[in-house]
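Listed below are the residues making up each chain.
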Amino acid sequence: MPTHSQLAARVKAMYREYANLDTYTLQFNTVSKKKLSALAHLYHTYPNGAVSLRPPTPETRLLRDEALDEYKRQMQHFLSRSKVDLSILDLSVPQIEAVANFLAGIKHPAGNIRTKRKCVWGAKIDAVLKEYACNDYFPVKSSGLRLDHKKQILEFLKHFRCRHTLRPPLPNHRKMFMQEYFHYRRRAQSFFDQTEFPVGVEYLTLPLTEALLNFMVGHKYPEKRRYQRVFRASSMKAVDYFVAMYKSHENRRYPISVGQYHGTKNQITPLLYFKPVEKVCRWFPPPRTNKIQKERHRLFLNYQVMFHRLGISVDPWILPIAYIEAILNYAEAKAVPTHGNVDHGLMLRAG
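K.L.:
I tried to follow the overall build of the chain on my own but got confused; where do I start?
P.N.:
When helices and strands are tallied, the chain shows 13 helices and zero strands. Ordered by position from the N terminus, the helices and strands of the chain form the series α-α-α-α-α-α-α-α-α-α-α-α-α. Looking at the chain as a whole, 43% of its 351 residues qualify as buried. Long-range pairs, those at least 24 residues apart, make up 72% of the contacts in the chain between residues at least 6 apart in sequence. On the chain, roughly 20,700 Å² of surface is accessible, and the fraction owed to carbon and sulfur atoms is 53%. Within the chain, the 29 negative side-chain charges are centred at a point lying 4 Å from the centre of the 55 positive side-chain charges.

K.L.:
For this particular structure, what's the right way to read the packing of helix α12 (residues 296-310) against helix α13 (residues 321-334)?
P.N.:
If you want to describe how two helices pack, look at the angle between their axes and the distance between the axes. As a packed pair, α12 and α13 sit with axes 12 Å apart at the nearest point and diverge in direction by 35°. Where α12 crosses over α13, the handedness of that crossing is left-handed. Contacts between α12 and α13 involve Arg-296, Leu-299, Phe-300, Tyr-303, Met-306, Phe-307 and Leu-310 from the first element and Ile-321, Ile-324, Glu-325, Ile-327, Leu-328 and Ala-331 from the second. A per-class count over the contact of α12 with α13 returns 11 nonpolar, no polar and two charged.

K.L.:
Even after reading the chapter, I still don't get the side chain of Ser-142, so can you show me in this structure?
P.N.:
You can see Ser-142 is positioned in the loop between α5 (113-129) and α6 (147-159). For Ser-142, a relative accessible area of 1% corresponds to the buried category. If we ignore the near neighbours within four places in the chain, the residues touching Ser-142 are Gly-122, Ile-125, Asp-126 and Lys-150.

K.L.:
For this particular structure, what's the right way to read the packing of aromatic side chains?
P.N.:
How two aromatic rings sit relative to each other is set out by the distance from centre to centre and by the angle between their planes. Applying the stated criterion to the full structure yields 25 aromatic pairs. Here Phe-138 and Tyr-227 contribute two aromatic rings whose centre-to-centre distance is 5.6 Å and whose plane-to-plane angle is 65°, an arrangement assigned as edge-to-face. Within this pair, whereas Phe-138 is found in the loop between α5 and α6, its partner Tyr-227 is found in helix α9 (residues 224-235), the two being separated by 89 residues in sequence. Each member of the pair, Phe-138 as well as Tyr-227, is classed as buried. Aromatic pair Tyr-261 and Tyr-323: ring centres 6.2 Å apart, planes at 15°, arrangement stacked. With a gap of 62 residues between them, Tyr-261 in the loop between α10 (238-246) and α11 (265-268) and Tyr-323 in helix α13 connect regions that are remote in the sequence. Since its relative accessible area comes to 9%, Tyr-261 is described here as buried. Classification of Tyr-323 as buried rests on a relative accessible area of 0%. One aromatic cluster is present, formed by Tyr-15, Tyr-18, Phe-28, Tyr-43, Tyr-46 and Phe-102 through successive ring pairs.

K.L.:
How should I be thinking about the packing of helix α7 (residues 178-195) against helix α8 (residues 206-216) in this particular structure?
P.N.:
Look at α7 against α8: their axes get within 11 Å of each other, and the N-to-C directions meet at 40°. What the angle tells us is that α7 and α8 run oblique. As α7 runs across α8, the sense of the crossing is left-handed. Residues Tyr-181, Tyr-184, Ala-188, Phe-191, Phe-192 and Thr-195 of α7 form the contact with α8, whose participating residues are Leu-206, Thr-209, Glu-210, Leu-212, Leu-213 and Met-216.

K.L.:
Is there a simple way to explain unusual backbone geometry in this structure?
P.N.:
Trans is the prevailing form of peptide bonds, just as negative phi is the prevailing case for residues other than glycine. Backbone geometry places Lys-83, a non-glycine residue, at a positive phi of 60°. Along the chain, Lys-83 turns up in the loop between α3 (65-81) and α4 (93-104). Even without being glycine, Tyr-221 reaches a positive phi, approximately 45°. As for its placement among the helices and strands, Tyr-221 is situated in the loop between α8 and α9.

K.L.:
Is there a simple way to explain the environment of Ala-67 in this structure?
P.N.:
You can see Ala-67 is positioned in helix α3. Judged by relative accessible area, Ala-67 falls into the partly exposed class, the value being 36%.

K.L.:
Got a minute to help me understand the environment of Val-140 in this structure?
P.N.:
On the secondary structure map, Val-140 appears in the loop between α5 and α6. Take Val-140: its relative accessible area is 16%, and that puts it in the buried class. Distance from Val-140 to Leu-212, taken between C-alpha atoms, is 9.8 Å for residues 72 residues apart in sequence. Aside from chain neighbours lying at most four places away, what touches Val-140 is Asp-126, Leu-129, Ala-133, Asn-135, Pro-207, Leu-208 and Ala-211.

K.L.:
Explain the pattern of salt bridges here, please?
P.N.:
Pairs can form between side chains of opposite charge whenever their charged atoms are close. Counting across every chain of the model gives 10 salt bridges. Residues Glu-250 and Lys-247 are paired through a salt bridge, measuring 3.1 Å at the closest nitrogen-oxygen approach. According to the relative accessible area criterion, Lys-247 is partly exposed, its value standing at 36%.

K.L.:
Teacher, can you tell me more about the nonpolar core here?
P.N.:
Inside soluble globular proteins, nonpolar side chains tend to come together where they are buried. With 37 residues, the main nonpolar core has Leu-129, Phe-197, Leu-204, Leu-212 and Met-216 as its most contacted residues. At the level of secondary structure, the elements contributing two or more residues to this core comprise α5, α6, α7, α8 and α9. A per-element tally of this core places α8 first, with seven residues. Non-local contacts of Leu-212, meaning those with residues more than four positions away in its chain, are made with Leu-129, Leu-157, Phe-192, Phe-197 and Leu-204. Core analysis: the second largest hydrophobic core is formed by 33 residues, Val-243, Val-280, Tyr-303 and Ile-327 among them.

Cut-offs used in this document
Residues numbered from 1 in each chain as written. Predicted model: local features only at pLDDT ≥ 70, side-chain atom pairs only at ≥ 80, totals over all residues. Heavy atoms only, no water. Helix = DSSP H or I, 4+ residues; strand = E, 2+ residues; numbered from the N terminus. Buried < 20%, exposed > 50% of the residue type's maximum accessible area, 1.4 Å probe, protein only. Contact = heavy atoms within 4.5 Å. Areas by Shrake-Rupley, 256 points an atom, 1.4 Å probe, with all protein chains shown as cover. Lys, Arg positive; Asp, Glu negative; His and termini not counted. Charge placed at Lys NZ, Arg CZ, Asp CG, Glu CD. Axes fitted to C-alpha atoms, helices over the stretch in contact; angles between N-to-C directions. Left-handed = near helix turned anticlockwise from the far one by under 90°. Nonpolar A, V, L, I, M, F, W, Y, C, P; charged D, E, K, R; others polar. Phe/Tyr/Trp six-rings, centres within 6.5 Å; stacked < 30°, edge-to-face > 60°. Parallel < 35°, antiparallel > 145°, perpendicular 65-115°, else oblique. Salt bridge = Lys/Arg side-chain N within 4 Å of Asp/Glu carboxyl O. Core = buried A, V, L, I, M, F, W, Y, C linked by side-chain atoms within 4.5 Å.

Shown next, in the form of structure tokens:
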């Protein structure tokens, strides 16, 4: 009685001349011993003259999901028409191809013509999108797409007319994971829906998605520097970004620095997007020192009212005085003056 390895080697030798070795690597090591015995029995008992017309070869080398299920369904029906009582559901595509060629009497089959055409379609997509990709960070490669998706994308690229000027934000990092990547793909899918792009973003890689977004807004040869700025800003800590943003508006008596803040990132993040609209009258002067003890409670109550009027959602009690004064100076400098509304308060710039 041969061992499993010996039986697998024998079956491989039987069907080797029927396998497409230019496209697939044939091996039977993962097949059960019972199925190997059935394949060997089929090889020795199937009549030589009973040649059947087999279904077409697969359109792509790798079949997944619905395409793989449909392929196996067609091949199982082919075996039934050939009056072969053998289930091929647990066989791989190379193994099924070898069995089908054996039943059809096809020895030493030539390479798959459709696979070669697939490469041409992928090359055409890459040639078009290469002009819209940042090749330093996101080089385009469409080789992992399904054949039907390549057809749809190529057709879209041929007939699309640019009607949009703004695209979703650039990715925060060269490689994104989990929640960050989820939000990026959701924004991209929303934009794809507007342009009636036929393929879902879940089938696309990050470089391919980026190139398509740039294509849809007509942005050729995106600069590496644009992506670098976004990557650098995203990698900075919130407090580092805060200091860089408000440093020029600090009070000279108590300069701001990273080490002064001891809160969490989420608490200070809204201040990075703060854009004052109108000037707010300040009714109290800045303190002489940031180490004030007397009247400190009243000072922070005033800060609280100022933040409320400026539309700042951050609680001033978690911030050092130096940060608060820099924020108020920033609000005064960036606010848009309102016509006919003159402030009569103490709108003195601190420091």
